[in-house]
Amino acid sequence: MAGPMRPQIVLFGSSIIQMSFDNGGWGGILANLYSRKADIILRGYSGWNSRRALEVLDEIFPKDAYVQPSLVIIYFGGNDSIHPHPSGLGPHVPLEEYVENMRKIANHLKSLSDHIRLIFLTSPPISEVQIRKKLSATQSGRTNEHCGIYAKALVELCDELNLKVINLWSAIQQRDDWLDVSFTDGVHLSAEGSKVVVKEILKVLREADWKPSLHWMSLPTEYAEDSPYYPPSPDGTTTINVSYSIPRRHLQWDL
């Protein structure tokens, strides 16, 4: 891998993860905020449920890896919560099995390192009307109510395990117009929906009693020393260290 070594933040999950760099997505926002500070690593797999994730968990997060992540943000649940198909095919995972699968994922990740940190994301809400308009009949088994049930179960599990969890199902619905602005197709997040995810993740990182802090404002900037190759100051007596400059668009995330 390219050096120097930075903290690794891995995004692991289904399409909410895979598509997190699209449409002003939350993964892209995090990668921008953490530039020169940490590497955002995408491990997103559209269509996956928690059962499929368990099948390859050791391959994605091997215990003998030379470097283990500093933080893993995990999302599964939306596909698991789809109602079962009469054929027995499809992504549905019964609620009890889903909870145990997420427990196994958490336990495996915690075993990788004494210093690894975890944040779980629950299923976000969905717009059933938008799904019917924009997605195929294969998505007809989704309901917002069932997403909420799986979200609640994950929150309860994380509380039991003393793990950080963000209830996206509740957070996104705080806006009065959430049904109109949060999605691209009723399931996947728009730029507005992604802003909620970023805000909630940064809130957890800011408030967590983790040493060292993994909030983007707390991490050192790589190669931050002065250089004679930076732009000269107006009077020409020194240079302006641009490594410390924070783009104005980043300031909205100084939570």
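As a starting point, this report considers the structure included with it.

Parameters at a glance
Residues numbered from 1 in each chain as written. Predicted model: local features only at pLDDT ≥ 70, side-chain atom pairs only at ≥ 80, totals over all residues. Heavy atoms only, no water. Phe/Tyr/Trp six-rings, centres within 6.5 Å; stacked < 30°, edge-to-face > 60°. Helix = DSSP H or I, 4+ residues; strand = E, 2+ residues; numbered from the N terminus. Buried < 20%, exposed > 50% of the residue type's maximum accessible area, 1.4 Å probe, protein only. Contact = heavy atoms within 4.5 Å.

## Comments concerning the packing of aromatic side chains
(1) Moving on: The final tally for this structure, using the stated rule, is 5 aromatic pairs.
(2) Moving on: Look at phenylalanine 12 and phenylalanine 76: their rings are 5.1 Å apart centre to centre, the planes differ by 80°, and that puts the pair in the edge-to-face class. Of this pair, phenylalanine 12 sits in strand E1 (residues 8-13) while phenylalanine 76 sits in the loop between strand E3 (71-75) and helix H5 (95-111); the two residues are 64 residues apart in sequence, bridging distant segments of the chain.
(3) Moving on: A relative accessible area of 0% places phenylalanine 76 in the buried class.

## Remarks on unusual backbone geometry
(1) Moving on: Between lysine 211 and the following residue, proline 212, the backbone shows a cis peptide bond with an omega angle of -5°.
(2) Moving on: Inspection of the secondary structure puts proline 212 in the segment after helix H10 (191-207).
(3) Moving on: Despite not being glycine, asparagine 23 has its phi angle at roughly 55°, a positive value.
(4) Moving on: Given the relative accessible area of 48%, asparagine 23 is considered partly exposed.
(5) Moving on: Phi at arginine 36 takes a positive value of approximately 65°, unusual for a residue other than glycine.

## Notes on the side chain of asparagine 49
(1) Moving on: The topology assignment puts asparagine 49 in the loop between strand E2 (39-44) and helix H3 (50-55).
(2) Moving on: Classification of asparagine 49 as buried rests on a relative accessible area of 8%.
(3) Moving on: When neighbours within four sequence positions are excluded, asparagine 49 is seen to be in contact with Phe76, Asn79, Asp80, Pro91 and Val93.

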